[in-house]
Number of protein chains: 2
Amino acid sequence: MTRVRDLSEEQILERIVPLLPRGSATLLGPGDDAAVLAAPDGRFVVSTDVLVEDRHFRTRWSTGYDVGRRAAAQNLADIAAMGARPTALVTSLVVPGDTDLEWVTGLARGLNDGCAPVGAGAVGGDLSGGPCLVVSITVHGDLEGRAPVLRSGARPGDVVAYAGLRGWSAAGLALLEAGLVRAQVSPAPLEVTDGVLLEDAWEQLVAAHLRPDPPITAGVVAAEAGATSMLDVSDGLLRDAGRVAAASGVRIDLDAGAFAADREALHSAARAVAAATGLGDPGWGPGTSDINGLIDRWVWAGGEDHGLLATFPAGTRLPGGWAAVGLVLSADDAGPAAVTIGGQAPDVGPGWDHFRA
Amino acid sequence: MTRVRDLSEEQILERIVPLLPRGSATLLGPGDDAAVLAAPDGRFVVSTDVLVEDRHFRTRWSTGYDVGRRAAAQNLADIAAMGARPTALVTSLVVPGDTDLEWVTGLARGLNDGCAPVGAGAVGGDLSGGPCLVVSITVHGDLEGRAPVLRSGARPGDVVAYAGLRGWSAAGLALLEAGLVRAQVSPAPLEVTDGVLLEDAWEQLVAAHLRPDPPITAGVVAAEAGATSMLDVSDGLLRDAGRVAAASGVRIDLDAGAFAADREALHSAARAVAAATGLGDPGWGPGTSDINGLIDRWVWAGGEDHGLLATFPAGTRLPGGWAAVGLVLSADDAGPAAVTIGGQAPDVGPGWDHFRA
């Protein structure tokens, strides 16, 4: 095993840079003091997100490749949520000296596999030692002449729509935290749970957590279809819907029926987690004393699916990948909360807070 | 004292965001999934740099404000080194939960004071808990229609020129590491050194380390004057000059006489450090067994002054802030090294390596 401390910074970069995607907007890539990118419409979109070891990922569950995929996904989703096409990202990486070089090259491959399908390049970075792994990415996008789609544009009467998975990442994390493992690695826990958790469900849910694959192209499609507001759902559907409600000065009512398929998909995982750990774990928050409550928690408050939530004018034919999940109401309408489910205040806790959770 | 763990992420952002500079290129600032920036010439320049606690700064020497100033400076210098005007930056911040909120708001004020004079905005960021402080900044710039100035454009016969301080940051760090303190805080160490270290020298050298103030505007000026190559000197003059030599396929000969004023400015600090710690500290590298050797080490191999090194065609009238410091030679000319001082191979060690140093 080669550890990063055995190599100089330049030697490490020599291993990483060839693995990175170039991207069609890259006019000058890595190797100088800065990269140069095309911004053909005279503007660009920029966002940054950081992943910290033992906060956002654990190396016993996530490979370097997984973290690269995840870092790419959550950053690209922020660009998509503006209605922009991702063009390029830069990465700051903090790595303990005893880290296996394979972890770092895996991260580069994960970034590549996350970025290449949407044409985004990895155009620069910085590398430092430090006490834990930190992956900080800044991503850029091109609005292609469109207005950015903000959180503040939802209007009463608009349809609320969603693209992507709901609750899968939270369920995958719960499977990992419960110690449930892939059948071929250790079949016992799955048998304990009455065989309800299919192996492919484990694979899909855990993959949704470790290597989220958000619907990046759905962002541009939504903007072209006239989306009035949009955001990346990273902190839980209720909490992020609340941000649209607050920014737009509206209420949002979600339709529980629109989530029936998600609930069904998560049911076997919830039964497995409940059998392995018992219900009512205080860490899961309120309302998780039965299996339906646990599923509710994943669907409504689970973070990091990085799906897109948008609003469209009434009567819009929703583009492919988008499904109607609710309605925008006037803030003047009577209602028990800024975001309701079928007119009722939700009884699941708030989403992820990076200092409190 | 308010610790960051006592507040939610949103509460912390409410305290920080009003402190940040807006910048004239900012079309949409913080608060949505991404910011929108103007790129009027259809391109933009981007670079990223990370500062890690106990690697790049120590909280016993640096306040949050200092780290903000330093992070701004080193990032802005990368943009300047391309011949671009800095427009905006985004910041990812990792903060242990027991950090004083004042440290974080100080960081924001430091970013502001570093960015505002050059018109750059702070347009977004991300915030996470973690085991140590990490400040990762990505900075953007506008080439205003010019070609970027690369490391690879130096040609034999060009004049080598420098803008900024040489060795002051390394001397300031050595003063701090030697435990030498400001006279009014503890006059004793200065008396031990025969009174050679003036109080204002301490202030200036330590400030050059903690809050570097690189000549950001000198980058655009150099590009307009026809600079053929340029880079930010962050890892030591010899090492960074070596990067220009390698990228351009040339040799660089530096003129020791051009650095006489720097050597003079650093002399009292070198005597103070030598008196306080003895000479020949193995951590200082080769050639530091006398005071002149220590000064050599600071001037030629000291990192983090973030001055700009550029080359100009022979006969160029150097713009304000720039001084000639050497000559570009053909790689075919006989010479003992890619970078020489008065034709001789330098005997100081290499510059900073983030894993090895």
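Residues numbered from 1 in each chain as written. Chains lettered and ligands numbered in written order. Predicted model: local features only at pLDDT ≥ 70, side-chain atom pairs only at ≥ 80, totals over all residues. Heavy atoms only, no water.

### Re the packing of aromatic side chains
- Evaluated as defined, the whole model comprises 7 aromatic pairs over all chains.
- Here the aromatic rings of Phe-44 of chain A and Phe-44 of chain B are separated by 3.7 Å at their centres, their planes lie at 10°, and the arrangement is stacked. Of this pair, Phe-44 of chain A sits in strand β3 (residues 43–52) while Phe-44 of chain B sits in strand β3 (residues 43–52), placing the two residues on different chains. As far as burial versus exposure is concerned, Phe-44 of chain A and Phe-44 of chain B are alike and both buried.
- Between Arg-60 of chain A and the ring centre of Trp-61 of chain A, over which it is positioned, the NZ or CZ distance is 4.6 Å. (Phe/Tyr/Trp six-rings, centres within 6.5 Å; stacked < 30°, edge-to-face > 60°. Helix = DSSP H or I, 4+ residues; strand = E, 2+ residues; numbered from the N terminus. Buried < 20%, exposed > 50% of the residue type's maximum accessible area, 1.4 Å probe, protein only. Lys NZ or Arg CZ within 6 Å of the ring centre and 35° of its normal.)

### Some points on unusual backbone geometry
Residues and elements named next belong to chain A.
- Of note, the phi angle at His-306 is positive, near 60°, even though the residue is not glycine.
- Inspection of the secondary structure puts His-306 in the loop between α10 (291–301) and β10 (307–312).
- A relative accessible area of 3% places His-306 in the buried class.

### Considerations on the side chain of Asp-158 of chain A
Residue and element names in this part refer to chain A.
- Relative to the elements of secondary structure, Asp-158 occurs in the loop between β6 (134–142) and β7 (159–163).
- Lacking a salt bridge, the buried Asp-158 has Arg-155 as its closest oppositely charged neighbour, with an N-O distance of 6.7 Å.
- Not counting residues within four places of it along the chain, the set of residues in contact with Asp-158 comprises Gly-153, Thr-228, Thr-311, Phe-312, Pro-313, Ala-314, Leu-327 and Val-328. (Lys, Arg positive; Asp, Glu negative; His and termini not counted. Salt bridge = Lys/Arg side-chain N within 4 Å of Asp/Glu carboxyl O. Contact = heavy atoms within 4.5 Å.)

### Regarding the sheet that holds strand β8 (residues 229–233) of chain A
Residue and element names in this part refer to chain A.
- With respect to topology, 6 strands assemble into an open sheet ordered β8-β10-β7-β11-β9-β12, the strand pairing being mixed. Two strands in the sheet have a free side with no partner beyond their single neighbour: β8 and β12 (339–341). Within the sheet, the average angular offset between the axes of one strand and its neighbour, ignoring direction, is 25°.
- Pairing between β8 and β10: 5 bridges, direction antiparallel. (Pairing = 2+ DSSP bridges. Axes fitted to C-alpha atoms, helices over the stretch in contact; angles between N-to-C directions.)

### Observations regarding the interface of chain A and chain B
- Taken residue by residue, the interface counts 68 residues in chain A and 68 residues in chain B.
- Together, the buried faces of chain A and chain B total about 5,200 Å²; carbon and sulfur atoms form 59% of this surface.
- Across the salt bridge formed by Glu-10 of chain A and Arg-243 of chain B, the nearest N and O atoms sit 2.8 Å from each other.
- Between chain A and chain B we count 25 residue pairs in polar contact (both at pLDDT 80 or more) in total.
- Its residues placed into classes, the side of chain A that touches chain B shows 35 nonpolar, 17 polar and 16 charged.
- Judged from the 4 bridges that link them, β3 of chain A and strand β2 (residues 35–38) of chain B form a sheet pairing that is antiparallel. Residue Arg-43 of chain A lies in a different strand from β2 of chain B, and its bridge partner there is Ala-38 of chain B. (Buried area = accessible area lost by both parts, 1.4 Å probe. Polar contact = N/O pair within 3.5 Å; in protein donor to acceptor, adjacent residues only side chain to side chain. Nonpolar A, V, L, I, M, F, W, Y, C, P; charged D, E, K, R; others polar.)

On their own, these measurements won't tell you what the molecule is for.
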